[in-house]
Amino acid sequence: MTTAVYELGHLDALEAESVHVFREVAAEFERPVLLFSGGKDSIVMLHLAEKAFWPARIPFPVMHVDTGHNFPEVLEYRDRRVAEMGVQLVIASVQESIDSGRVREQRGPRASRNPLQTVTLLDAIEKYGFDAAFGGARRDEEKARAKERVFSFRDEFGQWDPKNQRPELWSLYNGRHARGEHIRVFPLSNWTELDIWQYIGRERIPLPSIYFAHRRTLVARDGMLLWPCAHLPLLDGEQTLEATVRYRTVGDVTCTGAVESTASTVEDIVAEVAATRLTERGATRADDRASEAAMEDRKREGYF
């Protein structure tokens, strides 16, 4: 007698796990929200959410914590994709937080609004009563994120305590929380950057053009190639240069660097990512270079 053995491929197993997480949250929580920036990880996350509930619509809104210092290609993609899917978009504005005095904008040549997103995010979670927030963080990105559970408990102040996380044996997730507390949920925790790009290729998921090689005017600063614009003026003595680049990760224009690359297709990028030994955030995000524990410090305060 022959026994058939059914095994999922690597990407299918990751997809199944993520779909399970989405459905689990929809069953356990009253008001979830999906954090959507128009970056590749949140794009994959939105695609997985669509699969999880098809043919019904995604049963929760998406929210962008908007610094006001975004790449225009990403904002155009965000608005177009949300309209195509017919989901509700909530925009939490850092500029409004500044105007209301909730946060103080940094000044100086290396100032960034990226750290200010924490207060804006927590205010929006409280305002709309969200009890779960899906994020696109992956454990391979950065060492603080490697400590995260799939269900990451946040206290009544939105704070994360890495020593006070719940076990997740056999993929059993504990979403229990009191009023005022909430859970951050990371469906892509076990994915890598290479998995993301292989999945994008397999599913033929459209992306903003910024992820593919293009000619761009840049400035070399602090070991990174940054895009000089109204939010990132040139310093004395700096000169622009032209280069063919792409972006591995997309955040605030003031702290996100490009990498020199000729990869113009998903297949090219898969080959490039497979060969690299530098993490995407470590290579291109100035906000993670502020200190050895910069990300963990921000996460403890309530960051993504």
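What counts and what doesn't
Throughout this document, residue positions are counted from 1 along each chain, in the order its sequence is written. Two thresholds apply to this predicted model, a pLDDT of at least 70 for residue-level local features and 80 or more for giving and counting side-chain atom pairs, whereas whole-chain, interface and lining totals are computed over all residues. Excluding hydrogens and water, the side-chain values take into account all heavy atoms of the structure. What counts as a helix is a DSSP run of H or I of at least four residues, what counts as a strand is a run of E of at least two, and both are numbered from the N terminus. Accessibility here uses a 1.4 Å probe with only protein chains present; expressed as a share of the type maximum, an area under 20% marks a residue as buried, one over 50% as exposed, and anything in between as partly exposed. We define a polar contact as two N or O atoms separated by no more than 3.5 Å, with the added condition that, inside protein, one atom must be a possible hydrogen donor and the other a possible acceptor, whereas residues neighbouring each other in sequence contribute only through side-chain atom pairs. Patch membership needs two things, relative accessible area over 30% and no salt bridge, and members are linked within 9 Å if like-charged or within 5 Å if nonpolar (Val, Leu, Ile, Met, Phe, Trp, Tyr). In this description, accessible areas are obtained by the Shrake-Rupley approach with a 1.4 Å probe, and a residue is regarded as covered only by the protein chains that are shown. Salt bridge criterion: a side-chain nitrogen from Lys or Arg within 4 Å of a carboxyl oxygen from Asp or Glu. Buried and open spaces are told apart on a 1 Å grid over the protein atoms alone, a cavity being a set of points where a 1.4 Å probe fits but cannot get out and a pocket being an open set with protein on both sides within 12 Å along at least five of seven lines. Residues with an atom within 4 Å of a point are the lining residues. Grid points are joined across faces, edges and corners, and a volume is the space filled by probe spheres set on the points. Think of it as three bins: nonpolar holds Ala, Val, Leu, Ile, Met, Phe, Trp, Tyr, Cys and Pro, charged holds Asp, Glu, Lys and Arg, and polar takes everything else, Gly as well. We define a nonpolar core as any set of buried Ala, Val, Leu, Ile, Met, Phe, Trp, Tyr and Cys residues linked to one another through side-chain atoms lying within 4.5 Å. Every residue pair with non-hydrogen atoms within 4.5 Å of one another is taken to be in contact. Only strands that DSSP links by at least two bridges are regarded as paired with each other. Each axis is a line fitted through C-alpha atoms, and for a helix only the stretch in contact is used; angles between axes span 0 to 180 degrees, taken between their N-to-C directions.

Enquirer: I'd love a proper account of the environment of threonine 265, names of residues and values included.
Expert: Topologically, threonine 265 is positioned in the loop between β10 (259-260) and α7 (266-275). Using a relative accessible area of 30% as the deciding quantity, one classes threonine 265 as partly exposed. Here the alpha-carbon distance between threonine 265 and glycine 201, two residues 64 residues apart in the chain, equals 9.1 Å. Here aspartate 268 takes part through its backbone nitrogen, which lies 3.1 Å from a polar atom of the side chain of threonine 265.

Enquirer: Provide a residue-level description of a nonpolar patch on the surface, including the pertinent values.
Expert: Side chains of Leu169, Trp170 and Leu172 sit close together on the surface and give an oily, nonpolar patch of about 430 Å² of accessible area. Its location among the elements puts leucine 169 in the loop between β5 (151-154) and β6 (182-185). Here leucine 169 falls in the exposed class, since its relative accessible area comes to 52%.

Enquirer: Can you break down the layout of surface pockets residue by residue, with the values?
Expert: In this model, the second largest pocket occupies a volume close to 510 Å³. Considering the residues around the second largest pocket, the lining is formed by 21 residues, among which Ile125, Glu126, Glu156, Gly180 and His182 are closest to the centre. Ranked by residue count, the leading element in the lining of the second largest pocket is helix α5 (residues 117-128), at 6 residues. Here the residues of the lining of the second largest pocket are counted per class, giving 5 nonpolar, 6 polar and 10 charged.

Enquirer: Explain the nonpolar core to me, using residue names and the numbers behind them.
Expert: Phe22, Leu34, Val44, Phe151 and Trp197 are the most contacted members of the largest nonpolar core, which has 63 residues in total. At 8 residues, the largest contribution of residues to this core is made by helix α2 (residues 40-53). Setting aside residues up to four positions removed in sequence, leucine 34 forms contacts with Phe22, Met45, Leu46, Ala49, Phe60, Pro61, Val62, Met63 and Phe134.

Enquirer: Please give an account of the sheet that holds strand β7 (residues 214-221) that cites residues and values.
Expert: Overall, antiparallel pairing links the 4 strands, which are arranged β8-β7-β9-β10 in an open sheet. Every other strand in the sheet has two partners, leaving β8 (224-226) and β10 as the edge strands with one partner each.

Enquirer: Which residues make up the pattern of salt bridges, and what values go with them?
Expert: Close approach of charged atoms allows side chains of opposite charge to pair. Tallying each qualifying case throughout the model produces 19 salt bridges. Taking the shortest distance from any N to any O, the salt bridge between arginine 202 and glutamate 15 comes out at 3.5 Å. Taken together, the residues span a long stretch of sequence, with arginine 202 in helix α6 (residues 193-203) and glutamate 15 in helix α1 (residues 10-28) at a distance of 187 residues. Residue classification places arginine 202 among the partly exposed positions, given a relative accessible area of 36%. Connected through salt bridges with shared partners, the residues Asp12, Glu15, Lys51, Arg202 and Glu203 form a single ionic network.

Enquirer: An account of the sheet that holds strand β3 (residues 89-93) is requested, with residue identities and associated values reported.
Expert: The strand order across the open sheet built from 6 strands is β3-β2-β1-β4-β6-β5, with neighbouring strands paired in mixed fashion. Looking at which strands have only one partner, the edges of the open sheet turn out to be β3 and β5. Shown here is a sheet whose adjacent strand axes are inclined to one another by a mean of 30°, direction ignored. Here strand β2 (residues 62-66) pairs with β3 via 5 bridges, running parallel. Among the inter-strand pairings, histidine 64 is bridged to a residue of β3, identified as isoleucine 91.

Enquirer: Can you lay out the side chain of arginine 221 for me, pointing to particular residues and giving the numbers?
Expert: Take arginine 221: it is sitting in strand β7. Since its relative accessible area comes to 4%, arginine 221 is described here as buried. A polar contact is formed between the side chain of arginine 221 and the backbone oxygen of proline 233, at a distance of 3.1 Å. Reaching out from arginine 221, the side chain makes a polar contact with the side chain of glutamate 238 at a distance of 2.7 Å. Apart from residues lying up to four places away in sequence, arginine 221 is in contact with Pro109, Arg110, Leu226, Leu232, Pro233, Leu234, Leu235 and Glu238.

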